[in-house]
Amino acid sequence: MALRVHNTLSRKLESFKPLDDKNVKLYTCGPTVYNVAHVGNWRAFLFYDLFKRYLSYRGFKVTHVMNITDVDDKIIRDCQKTGLSREAFTKKYTDLFLEDEKTIGILSPDHMPRATEYVGDMISLIQSLMDKGFAYRADEGVYFRVSAFKSYGKLSGIDQEQLLAGGSGRLTADEYDKSSVQDFALWKFHVPADGDVMWDAPFGKGRPGWHIECSAMARRLLGDQLDVHMGGVDLIFPHHENEIAQIEPVSKKRFTTYWLHNEHLLVDGKKMSKSLGNFYTLRDLLAKGHKPLAIRYLFISTHYRQKFNLSMEALHSAEVAVKTFDEFLIHLQDAAAENDNPKLPRLIAKTEKSFQKAMDNDLNISEALAHLHNFMSQINKLRAKLSKKDTKEIKDFMLRINTVLGVMSEHKDEAPKDILDLVAKREMARKAKVWKESDAIRDQLKVKGWYVEDLPQGPRPRRIE
Ligand code: AMP
Ligand code: ZN
């Protein structure tokens, strides 16, 4: 069976077929770096990651671009409060984002363009839209003429009457809702409140609107046509609707084939958001003792088109699930049967097929995970009848699945006995404050390719990567 995904554009499940055979061009809307991303944002980023990992597992070659929005209304407003330059302010939050991304096990995109590095592309795209009559200059900036683009509304389902009603007004703010469809800002002329954030353009000094940023970066790095574009449902309108409008009149081609949107993470039934103040950052959850793998498991294990409430109970269940994988992999080492188990190859093949079938169905993750958990309990029952070769096959299978899920510890830090002995000797020397000896043992370990992580629960040997 082929992979099928829910396309927001058609509101239907569609077979997934990239324009160029097995090569996938993927653009995902990245963070606006004006504060630390909350875990609602991480739900979106983890959804991108899961889909991308699954595409790779299914043999597609993915080129992934995710932007970093480092200039917009909110950034200008907040960086001035801190007295920092825009550069210093956004660098601080970009660095924190990249750290968190690693912590939660997200595979880095192939390109992470910063919007400010592509202002030249934004200016030429705006100029092309003006030349073709889709954009015009007004007092406060350059605006997109919504009524000129007949397909406006095709993604979000805005009706044409609403368009005509709103057709004469103009909006300068980047964020607005469906009740105020009007011409939107592509370029905002410089005002004193912008401080020194401005670029020269043929139509006047100023800065880009948020929507044109993604269009220009996507076009520069992936071309006129993308296979997949992703984001949270709040981006369908106006952001993604506007992205289409900014490209298609110029390229005369369909901008994106598949639009995939994740539902929101809620807190007490309301969308988690900065503005409502009902948010946790990843760091907040880690400080409460939750593990990155469990947080990751929680967010990917609910179907992406379902809303769900963040709760401590849900986090706890995710912790139990992750521990099940962990214990399962550790106990595989105990296998000692002489003969290979004849049932195993079929069981692995059947589980992998079922996992794939579920994921092919618009990423039906709960069904896919149920097959895995079922597999683990069957293997646990067979444990006394597994050979070393069997356990290697099981482990290889689990790690193959883990290239998609990223929720299992790989236990590659299990140290052999000589290393454990050295670590114990070093610990004794440290406790006795014989630093010369403990340093010497550290050097010995290093030569053997190991170092020691001193954790509150004791020293842990780690491989030098
Ligand atoms: P932003 O940095 O606000 O542009 O958001 C980055 C991504 O997070 C976008 O794809 C948003 O749609 C998504 N997002 C924001 N809030 C939530 C939430 N509560 N649940 C899921 N996704 C969210
Ligand atoms: Zn975007």
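Before any of the text, the structure's been laid out above.
Just so you know, these numbers come straight off a predicted model, no measurement behind them. (Residues numbered from 1 in each chain as written. Chains lettered and ligands numbered in written order. Predicted model: local features only at pLDDT ≥ 70, side-chain atom pairs only at ≥ 80, totals over all residues. Heavy atoms only, no water.)

### Quick look at the coordination of the zinc ion (ligand 2)
And step 1. Protein-derived coordination of the zinc ion (ligand 2) comes from C29 (SG), C214 (SG) and H239 (NE2), at a distance range of 2.1 to 2.2 Å.
And step 2. Sequence spacing among the residues donating to the zinc ion (ligand 2) works out to C-x184-C-x24-H. Remark: H239 occurs in helix α7 (residues 236–251) and C214 occurs in helix α6 (residues 210–222); sequence separation between them is 25 residues. The two residues C214 and H239 agree in class, both being buried. (Donors = N, O, S within 2.8 Å, 3.2 Å for Na, K, Ca; no water. Helix = DSSP H or I, 4+ residues; strand = E, 2+ residues; numbered from the N terminus. Buried < 20%, exposed > 50% of the residue type's maximum accessible area, 1.4 Å probe, protein only.)

### Observations regarding the side chain of D70
And step 1. One can find D70 in the loop between β4 (61–66) and α2 (73–82).
And step 2. A relative accessible area of 5% means that D70 is categorised as buried.
And step 3. Side-chain polar atoms of D70 contact the side chain of T116, separated by 2.7 Å.
And step 4. Other than its neighbours up to four places away in sequence, D70 contacts V33, I75, R86, T90, R114, A115 and T116. (Polar contact = N/O pair within 3.5 Å; in protein donor to acceptor, adjacent residues only side chain to side chain. Contact = heavy atoms within 4.5 Å.)

### Brief notes about the pattern of salt bridges
And step 1. Overall, the coordinates contain 35 salt bridges when judged by the stated rule.
And step 2. A salt bridge links K188 to D73, with the shortest nitrogen-to-oxygen separation between them at 2.9 Å. One end of the pair, K188, is in strand β8 (residues 183–189); the other, D73, is in helix α2, with 115 residues separating them in the sequence.
And step 3. Residue class for K188 comes out buried when judged on its relative accessible area of 4%.
And step 4. A salt bridge links D174 to K188; its shortest N-O distance comes to 3.0 Å. (Salt bridge = Lys/Arg side-chain N within 4 Å of Asp/Glu carboxyl O.)

### Examining the packing of helix α1 (residues 39–57) against helix α9 (residues 292–300)
Geometrically, a packed helix pair is captured by the angle between its two axes and the distance between the axes.
And step 1. Their axes nearest at 9 Å, the elements α1 and α9 cross at an angle of 80°. The angle between α1 and α9 falls in the class roughly perpendicular. Residues V39, R43, L46, D49, L50 and R53 of α1 form the contact with α9, whose participating residues are R296, F299 and I300.
And step 2. A breakdown of the residues in the contact of α1 with α9 according to their chemical character gives 5 nonpolar, no polar and 4 charged. (Axes fitted to C-alpha atoms, helices over the stretch in contact; angles between N-to-C directions. Parallel < 35°, antiparallel > 145°, perpendicular 65-115°, else oblique. Nonpolar A, V, L, I, M, F, W, Y, C, P; charged D, E, K, R; others polar.)

### Quick word on the pairing of strand β6 (residues 141–144)
And step 1. When strand β5 (residues 135–137) meets β6, the two strands line up antiparallel, connected through 3 bridges. Within β6, the position partnered with Y136 by the bridge is Y143.
And step 2. Hairpin connection, β5 to β6: the antiparallel pair is bridged by 3 residues.
And step 3. Here β6 runs beside β8; their pairing, made up of 4 bridges, is antiparallel. What sits directly across from F144, in β8, is F184. (Pairing = 2+ DSSP bridges.)

### Here we look at the environment of M217
And step 1. Along the chain, M217 falls in helix α6.
And step 2. For M217, a relative accessible area of 0% translates into the label buried.
And step 3. Taking the C-alpha atoms as reference points, M217 and Y54, 163 residues apart in sequence, are found 25 Å from one another.
And step 4. Apart from residues lying up to four places away in sequence, M217 is in contact with Y27, N67, P113, R114, A115 and Y118.

### Describing the site of ligand 1
And step 1. Neighbouring residues of ligand 1: 19 residues in total, closest Y48, G232, D234, L265 and M272.
And step 2. The side chain of N41 places a nitrogen or oxygen atom 3.2 Å from an oxygen atom of ligand 1.
And step 3. Separating an oxygen atom of ligand 1 from a side-chain N or O atom of Y48 is a distance of 3.0 Å.
And step 4. Elements supplying a minimum of two residues to the shell around ligand 1: α1 and β10 (226–232). (Near = heavy atom within 4 Å.)

### Digging into the sheet that holds strand β11 (residues 256–262)
And step 1. Taken together, 4 strands build an open sheet; the order of strands is β4-β3-β10-β11 and the sheet is parallel. Two strands in the sheet have a free side with no partner beyond their single neighbour: β4 and β11. Within the sheet, the average angular offset between the axes of one strand and its neighbour, ignoring direction, is 20°.
And step 2. The sheet strands contacting α7 are β10 and β11, and the helix crosses β10 at an angle near 160°.

### Looking at the environment of E101
And step 1. Looking at the element boundaries, E101 is found in helix α3 (residues 86–103).
And step 2. For E101, a relative accessible area of 5% gives the class buried.
And step 3. Taking the C-alpha atoms as reference points, E101 and F189, separated by 88 residues in sequence, lie 34 Å from one another.
And step 4. Sequence-distant contacts of E101, that is, excluding residues within four places in its chain, are made with W42, M66, I106, S108, P109 and M112.

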